[in-house]
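# Observations on the model geometry
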Amino acid sequence: MYINIFIYFPCYAETLSEIYEESQREFFTENIMVLIKKEYSEFGKEYSPADFDEELIESVEVINQINPGDDTSGYDLDYWQHMLSLNLKVPSEDNVEKAIKAAYDNPEVQVAHKNYRYTLEHEKETVDYGEINASSDVSSVVEIGTNAFGNNDTIASSSTQRIGVTPNDTEFDEQSAILFSKANRAWAFATGNSNVRVGVVDTGINNHEDLNINSTLSKNFTDKPGLNDVAGHGTRVAGIIGAKTNNSRGIAGVCWNVTIVNLKVYQLDEDGELESSIFWITNAINYASQNSIKLLNMSLECANLDSDEINMLTTAVNGFNGLIICAAGNDANNQTNIQYPSQISSGKLISVTSCDNSGELAADAKYSPVYVDIITQGVGVETTSYPTLYESRSGTSYAAPFVTGAAALLLGINPNYTWMQLRTAILGMVDVDDDYSGIVAMSGKLNILQSVLISLGYGGVGDVDMNGSITAADSRLALRISAQLETATLQEAVMVDVNYDDLITAADAQIILNMAAGTASIVSEELL
């Protein structure tokens, strides 16, 4: 019996309808998935075909093996369970059914399941996804502290000035989502650390002049060779997180210095349809656990999972000792129909929905005060692409990477942050807005600046002397800076401009005084 099922990438509805179409559910006949009960999952334990059925099973692969003495920091051992792939000698639908029955004859098995294909009709492309010969990288360092507006312009009280770092990337003026998230202000204090690894669980990532991808760690979990992007989606997501920045070309990534790891879980079948499986996705999560990849971006949505698939996906998520940022999804006709992984009840997940650059919820963005945590701009996001090098896209798929990039910045500041500390630093520092009550759990939008400041030990925007608290002394210092703006450093300007209007005035000093007195404890544009 076939059941309708699909996984899709949460892009803008009209874009999605042009590219993807729901297809019938089928399964791969080469293997089955097995989850071993917690009480039987032991370090170093091996399995062989004899543990199941030697006539049917060619080999047994332990997907998330931990041997005695291995570094287990990437796993949450309270939830870790063995996951296996039983590889069949003779692939066939009948043998899959027999293998599942044989697996359940083993009392250690909790779940034995078909490796279902998730297929979506993909627009045929004739693009050659070969390597792009990028020109030599032009690198320079942004001067922090010499100019209150983060560029070389003369400081003036002008609406054309922006407080924050302005990199020289040629498409930066198109990146309104960077300003919306306050990333450009956060860059005055942190730009990342290349030791931080971020896995992009997606359609692959193409070679691109504005991306640095770690090819050694990158892995393809599909049945077909190659790490290239089969749909363009992963390349766009990667650029938002960590495009090369201040290199006189392209866009700026949220996190300038970060190691992007391509974790490819989608391929094109012989009919040109995009396909994946829960097996590949859980395999990618387990691989991240094994390779110190503490952050995963999963801009994907899995619908119509059965209880066993939910069990396996949830086990992989809970066993991951890091943070997973996922997209809430898009459906203009049913904006509250939240699917997986967003629907998993785990603190290790942050689900993100999308708004435009005015803060209005996107017309097709899914939302939920239970399953969706935070909102940020995902409409009109300029990012890396292929074969067109740069393009603007919309959808929750392109909102989620801003949160991932923010988490990467925070890990660069505090490499020992746990997933809980990361989650708290991001969600606890949102700009609260009553308009988002009933839309997202935190009733607020992403504020990367506040998250960075708190992670550095500062008291947040308004802590002008950066001593960890906001007092009347900060108000006096702000007043002095507003009167002598030409001598202000960029960091001082960012700290003083508490109403985010790109002006340093006495009004900021008054707000800071109110904050010190406890009458304005949350910084937002609405304070004035």
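### Here we look at the overall build of the chain
The helix and strand inventory of the chain stands at 13 helices and 19 strands. Out of the 528 residues in the chain, the part that is buried amounts to 60%. Looking at the chain as shown, the accessible area adds up to about 20000 Å², and 44% of this sits on carbon and sulfur atoms.

### What to know about helix 8 (residues 400–413)
End to end, helix 8 covers 21 Å across 14 residues, agreeing with the expected 20 Å (1.5 Å per residue, within 8%). Of all 14 residues in helix 8, 13 are buried, a share of seventy percent or more.

### A closer look at the state of the cysteines
Applying the stated rule across the entire model yields 0 disulfides. A disulfide-free cysteine, Cys 326 has its sulfur positioned 9.6 Å from the sulfur of Cys 302, the nearest such atom. Cys 326 sits in the buried class, given a relative accessible area of 0%.

### Quick notes on the environment of Ile 205
Summarising the element assignment, Ile 205 is placed in the loop between strand 6 (192–202) and strand 7 (219–220). As for Ile 205 and Gly 234, which are separated by 29 residues in sequence, their C-alpha atoms are 5.2 Å apart. With near-sequence residues (within four places) excluded, Ile 205 lies in contact with Val 200, Leu 211, Ile 213, Leu 227, Asn 228, Asp 229, Gly 234, Thr 235, Ala 238, Ile 260 and Asn 262.

### Things to note about the nonpolar core
Residues Leu 295, Ile 350, Ile 374, Ile 426 and Ile 448 are the most contacted members of the largest nonpolar core, which totals 80 residues. Not counting residues up to four positions away in its chain, the partners in contact with Leu 295 are Val 196, Arg 197, Val 198, Gly 199, Phe 320, Leu 323, Thr 404, Ala 407, Ala 408, Leu 411 and Leu 422. Membership of the second largest hydrophobic core comes to 61 residues, among which are Leu 35, Val 111, Ala 288 and Ile 324.

### What to know about the packing of helix 8 against helix 9 (residues 419–427)
Where helix 8 meets helix 9, the closest approach of the two axes is 10 Å, and the angle between their N-to-C directions is 120°. Comparing their axes, helix 9 and helix 8 come out oblique. Crossing of helix 8 over helix 9 shows right-handed handedness. Here Val 403, Ala 407, Leu 410 and Leu 411 of helix 8 come into contact with helix 9, specifically with Leu 422, Ala 425 and Ile 426. Its residues assigned to classes, the contact of helix 8 with helix 9 comprises 7 nonpolar, no polar and no charged.

### A look at the side chain of Gln 335
Topologically, Gln 335 is positioned in the loop between strand 13 (323–327) and strand 14 (349–355). Only 2.7 Å separates the side chain of Gln 335 from the backbone oxygen of Ala 365, close enough to count as a polar contact. Dropping the residues within four chain positions of it, Gln 335 is found in contact with Leu 361, Ala 362, Ala 363, Asp 364, Ala 365, Lys 366 and Tyr 367.

### A word on the pattern of salt bridges
The final tally for this structure, using the stated rule, is 15 salt bridges. The partner of Lys 114 in a salt bridge is Glu 97, and the shortest N-O contact between them spans 2.7 Å. Linking Lys 114 in strand 5 (residues 109–121) with Glu 97 in helix 2 (residues 93–104), this pair joins segments that are 17 residues apart in sequence. Classification of Lys 114 as buried rests on a relative accessible area of 15%. Glu 97 gets classed as partly exposed once you look at its relative accessible area, which sits at 40%. As a salt-bridge pair, Arg 117 and Asp 269 come within 2.8 Å of each other at their nearest N and O atoms. Of this pair, Arg 117 sits in strand 5 while Asp 269 sits in the loop between strand 9 (267–268) and strand 10 (273–276); the two residues are 152 residues apart in sequence, bridging distant segments of the chain. By the burial criterion, Arg 117 is buried, and Asp 269 matches it. Where salt bridges share partners, they join Glu 26, Arg 117, Asp 269 and Glu 275 into one cluster.

### Description of the packing of aromatic side chains
Taken as a whole and judged by the stated rule, the model has 8 aromatic pairs. Above the ring of Tyr 500, the side-chain terminus of Lys 182 is found at 4.5 Å from the ring centroid.

### Examining the environment of Ala 478
For Ala 478, the position within the fold is in helix 11 (residues 472–483). Sequence spacing of Ala 478 and Glu 492 is 14 residues, and the spatial spacing of their C-alpha atoms is 8.3 Å.

### Describing the environment of Ala 332
You can see Ala 332 is positioned in the loop between strand 13 and strand 14. Taking the relative accessible area as the measure of exposure, Ala 332 reaches 46% and is therefore partly exposed. Sequence spacing of Ala 332 and Ala 362 is 30 residues, and the spatial spacing of their C-alpha atoms is 9.1 Å. With near-sequence residues (within four places) excluded, Ala 332 lies in contact with Ala 363 and Asp 364.

### So, the side chain of Glu 108
Within the secondary structure, Glu 108 sits in the loop between helix 2 and strand 5. A relative accessible area of 16% places Glu 108 in the buried class. Among the polar contacts made by the side chain of Glu 108, one reaches the side chain of Lys 45 at a distance of 2.9 Å. One polar contact links Glu 108 to Tyr 47, side chain to side chain, over a distance of 3.5 Å. Setting aside its immediate chain neighbours within four residues, Glu 108 contacts Leu 35, Ile 36, Lys 37, Tyr 40, Lys 45 and Tyr 47.

### Observations concerning unusual backbone geometry
Backbone phi values are negative for most residues with the exception of glycine, while trans is the configuration of most peptide bonds. Cis geometry marks the peptide bond from Tyr 340 to Pro 341; its omega dihedral reads 10°. With an omega dihedral of 5°, the bond running from Tyr 386 to Pro 387 counts as a cis peptide bond. By secondary structure assignment, the location of Pro 387 is in the loop between strand 16 (381–384) and strand 17 (390–393). You will see that Asn 246, though not glycine, has its phi angle at about 60°, which is positive.

### Some remarks on the confidence of the model for the chain
Detail in the predicted coordinates should be disregarded across regions flagged by low pLDDT. Averaged over all residues, the pLDDT of the chain is 87; the fraction at 70 or higher stands at 86%. Every residue in residues 1–23 scores below 50 in pLDDT, and together they form 86 contacts with partners more than four places removed in sequence or on other chains. Every residue in residues 121–160 is under pLDDT 50, and counting partners more than four places away or in other chains gives 91 contacts.

About the thresholds
- Residues numbered from 1 in each chain as written.
- Predicted model: local features only at pLDDT ≥ 70, side-chain atom pairs only at ≥ 80, totals over all residues.
- Heavy atoms only, no water.
- Helix = DSSP H or I, 4+ residues; strand = E, 2+ residues; numbered from the N terminus.
- Buried < 20%, exposed > 50% of the residue type's maximum accessible area, 1.4 Å probe, protein only.
- Areas by Shrake-Rupley, 256 points an atom, 1.4 Å probe, with all protein chains shown as cover.
- Expected span 1.5 Å × (residues − 1).
- Disulfide = S-S within 2.5 Å.
- Contact = heavy atoms within 4.5 Å.
- Core = buried A, V, L, I, M, F, W, Y, C linked by side-chain atoms within 4.5 Å.
- Axes fitted to C-alpha atoms, helices over the stretch in contact; angles between N-to-C directions.
- Parallel < 35°, antiparallel > 145°, perpendicular 65-115°, else oblique.
- Left-handed = near helix turned anticlockwise from the far one by under 90°.
- Nonpolar A, V, L, I, M, F, W, Y, C, P; charged D, E, K, R; others polar.
- Polar contact = N/O pair within 3.5 Å; in protein donor to acceptor, adjacent residues only side chain to side chain.
- Salt bridge = Lys/Arg side-chain N within 4 Å of Asp/Glu carboxyl O.
- Phe/Tyr/Trp six-rings, centres within 6.5 Å; stacked < 30°, edge-to-face > 60°.
- Lys NZ or Arg CZ within 6 Å of the ring centre and 35° of its normal.
- pLDDT = per-residue confidence, 0-100.

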